Amino acid sequence: MKMKKLVLGMVAVLTLVSLAACGKKEASGDDSWKTIEKDKKVTIGLDDTFVPMGFKDDDGKIVGFDIDLAKAVFDQYDIKADFQPIDWSMKENELDNGTIDLIWNGYTVTKSREKKVLFSDPYAQNEQVLVTKKDSGITKAADMKDKVLGAQEGSSGYEAFNNETKTLKDIVKENDATLYASFNEAMIDLENGRIDGVLIDKVYADYYLKKANKLDDYNIFNVGFKNENFAVGARKGDKELVSKINSAFKELQDNGKYAEISKKWFGEEWSLPKE
């Protein structure tokens, strides 16, 4: 009787495990392209406050450069791109858990991230800059000595800050940055004088301050970090999915659609970065 109960218990456990597995996206060792192609839908995770790459407009609609580019990529395969706002500091966990298929929102290629995800070819370049108020007198990295720095949690800027310690980390107050869930919150604190500078993506700083008509009120300058590449992050096993994205990038450049999208959001026609 005890053996029978044990067997039934094991069957129940295995059934639950099987059902749980069925409820998730493809595991990290599998390629989910066939499922995406069959379902005609791909789920993209993003920080919906990151202008101009992917953000909510005044009507609450998710828009941006990455949004238009992702739609153009998957339109080539007759696949609908759905956009899922996520906690940016948990982006790789969301990908591994199968709640999203891709990370696509000004996602910078770094060595530590390459260990966690499979990157597409780069589709845009960026740099980390420091934003300070004009009346602060802070115009170079050395001026941040004993000052309060802000950064987004989980951002490539904060990663570079920790890796390249002699640039800023060794001189700012407490040798660390005040972390924010979004750049919006950091910029509000900068404007109100609660912090002295924000380490931020240049594409964000330029767009945010231009839209707010406040470019003349702030300094934007490079503090010595290397230029970055934006790419799409997928699970390690999604080689065919990434290959499809890469092929679509090339097609969009060849047919002029990539230049058209960049012109819309940045006022100039870009070309894909050379690897």
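Residues numbered from 1 in each chain as written. Predicted model: local features only at pLDDT ≥ 70, side-chain atom pairs only at ≥ 80, totals over all residues. Heavy atoms only, no water.

You'll find the chain entered in an unreviewed UniProt entry as Transporter substrate-binding domain-containing protein, with Enterococcus avium given as the organism.

Trainee: How do you make sense of the overall build of the chain when you look at a structure like this?
Mentor: For the chain, the count of helices and strands is 10 helices and 15 strands. Relative to its 275 residues, the chain shows a buried fraction of 47%. Long-range contacts, defined here as pairs at least 24 residues apart, represent 75% of the contacts in the chain between residues at least 6 apart. Within the structure as shown, the chain displays about 14300 Å² of accessible surface, and the carbon and sulfur contribution to it stands at 49%. (Helix = DSSP H or I, 4+ residues; strand = E, 2+ residues; numbered from the N terminus. Buried < 20%, exposed > 50% of the residue type's maximum accessible area, 1.4 Å probe, protein only. Contact = heavy atoms within 4.5 Å. Areas by Shrake-Rupley, 256 points an atom, 1.4 Å probe, with all protein chains shown as cover.)

Trainee: What is the right way to read the packing of aromatic side chains from this model?
Mentor: Aromatic ring pairs are defined here through the distance separating the ring centres and the angle between the ring planes. Evaluated as defined, the whole model comprises 20 aromatic pairs. Relative to Tyr 204, the ring of Phe 50 lies with its centre 5.9 Å away and its plane at 10 degrees, an arrangement referred to as stacked. Of the two residues, Phe 50 is situated in strand 2 (residues 49-50) and Tyr 204 in helix 8 (residues 202-211); the sequence distance between them amounts to 154 residues. The buried category is assigned to Tyr 204, whose relative accessible area is 0%. Here Trp 104 and Phe 249 contribute two aromatic rings whose centre-to-centre distance is 6.0 Å and whose plane-to-plane angle is 90 degrees, an arrangement assigned as edge-to-face. Taken together, the positions of Trp 104 in the loop between strand 6 (102-103) and helix 5 (111-114) and Phe 249 in helix 9 (residues 239-254) put the pair 145 residues apart, joining distant regions of the chain. The buried category is assigned to Trp 104, whose relative accessible area is 1%. By relative accessible area, which is 2% here, Phe 249 ends up buried. Aromatic ring contacts, followed pair by pair, group Phe 65, Phe 74, Trp 104, Tyr 123, Phe 249, Tyr 258, Phe 266 and Trp 270 into a single cluster. (Phe/Tyr/Trp six-rings, centres within 6.5 Å; stacked < 30°, edge-to-face > 60°.)

Trainee: I'm lost on helix 8 in this one. Help?
Mentor: Three- or four-residue spacings in an α-helix give side chains the same orientation, since the helix completes a turn every 3.6 residues. Those residues of helix 8 that fall on the buried side of the exposure criterion are Val 203, Tyr 204, Ala 205, Tyr 207 and Leu 209. Downstream of helix 8 by a residue or two, Asn 213 has a phi angle that is positive, lying close to 60 degrees.

Trainee: Help me out: how do you make sense of the sheet that holds strand 12 (residues 197-201) in this one?
Mentor: Strands pair in a sheet through their backbones, by hydrogen bonds, and they do so in one of two ways: parallel or antiparallel. Taken together, 5 strands build an open sheet; the order of strands is 11-10-12-9-13 and the sheet is mixed. Only two strands of the sheet have a single partner each, and these edge strands are strand 11 (177-180) and strand 13 (218-222). Strand after strand, the sheet turns through a mean of 30 degrees between neighbouring axes, direction not considered. Note: strand 9 (residues 128-133) against strand 12, 4 bridges, orientation antiparallel. Pairing of Leu 130 across the sheet is with Leu 199, part of strand 12. (Pairing = 2+ DSSP bridges. Axes fitted to C-alpha atoms, helices over the stretch in contact; angles between N-to-C directions.)

Trainee: Any chance you could explain helix 9 here in plain terms?
Mentor: Given a rise of 1.5 Å per residue, 16 residues ought to cover 22 Å, and the 23 Å separating the end C-alpha atoms of helix 9 matches this to within 8%. Turning to helix 9, its buried residues are Leu 241, Val 242, Ile 245, Asn 246, Ala 248, Phe 249 and Leu 252. The buried residues of helix 9 all sit within an arc of 160 degrees when viewed along its axis, so they share a single face. Turned more than 90 degrees away from the buried face of helix 9, the exposed residues are Lys 239, Lys 250 and Asp 254. Check the buried side of helix 9 and you find it contacts helix 2 (33-39), helix 3 (65-75), strand 6, strand 7 (118-119), strand 15 (233-234) and helix 10 (257-266). (Expected span 1.5 Å × (residues − 1). Arc of directions from axis to C-beta.)

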